[in-house]
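# Fold and contact review
These are the residues of each chain, in order.
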Amino acid sequence: MTEPTNDRLTELEIKLSLTEDLVDELNRTVFRQQEQLDLLQAQLQLLYKQMQSATGPAEPRNLRDEIPPHY
């Protein structure tokens with residue numbers, strides 16, 4: 001091989017290595033974010049269940065009952 005071809009091959013190998021590192025880091029980031037989303041979703045479900053048990057079954061409401069007294 002000629003010298004410019006070796007340089008080009010070395011440059012491509014370096015870029016490939018850096019790209020692989022970047023992809024690995026992005027995969028780790030996505031994995032951590034998915035863990036956080038799963039945790040937040042579980043917490044949200046727990047809060048929803050707590051709200052449902054605290055308020056009991058929903059009762060129909062009349063909007064006239066919710067008008068402030070100054071109207």
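In what follows, the structure referred to is the one given above.
Residues numbered from 1 in each chain as written. Predicted model: local features only at pLDDT ≥ 70, side-chain atom pairs only at ≥ 80, totals over all residues. Heavy atoms only, no water.

This paragraph deals with the overall build of the chain. Helix and strand content of the chain: one helix and zero strands. The C-alpha atoms of the chain give 29 Å as radius of gyration, which overshoots the globular expectation for 71 residues (11 Å, by more than 25%). Oriented by its inertia axes, the alpha-carbon framework of the chain measures out at about 90 × 30 × 15 Å. Counting every position in the chain, which comprises 71 residues, the buried fraction comes to 0%. If you sum the accessible surface of the chain, you get close to 7200 Å²; carbon and sulfur atoms cover 60% of it. (Helix = DSSP H or I, 4+ residues; strand = E, 2+ residues; numbered from the N terminus. Rg over C-alpha atoms; globule rule 2.2 N^0.38 Å. Buried < 20%, exposed > 50% of the residue type's maximum accessible area, 1.4 Å probe, protein only. Areas by Shrake-Rupley, 256 points an atom, 1.4 Å probe, with all protein chains shown as cover.)

So, about the environment of Ile67. Residue placement: Ile67 occurs in the segment after α1 (3-55). Residues Ile67 and Gln41, 26 residues apart in the sequence, show an inter-C-alpha distance of 35 Å.

This next bit is on the pattern of salt bridges. With the rule as written, the count across this model stands at three salt bridges. Lys15 serves as the salt-bridge partner of Glu11, at 3.5 Å between the closest nitrogen and oxygen. Within this pair, Glu11 and its partner Lys15 are both found in helix α1, separated by four residues, close to a single helical turn. Residue Glu11 is classed as partly exposed on the basis of its relative accessible area of 39%. Of the charged contacts, one joins Arg28 and Glu25 as a salt bridge, the two residues approaching to 2.7 Å between their closest N and O atoms. Of this pair, Arg28 and Glu25 both sit in helix α1, three residues apart, roughly one helical turn. Relative accessible area serves as the criterion here: at 43%, Arg28 is assigned to the partly exposed category. (Salt bridge = Lys/Arg side-chain N within 4 Å of Asp/Glu carboxyl O.)

So far we have only geometry, and geometry alone does not tell us how the molecule works.
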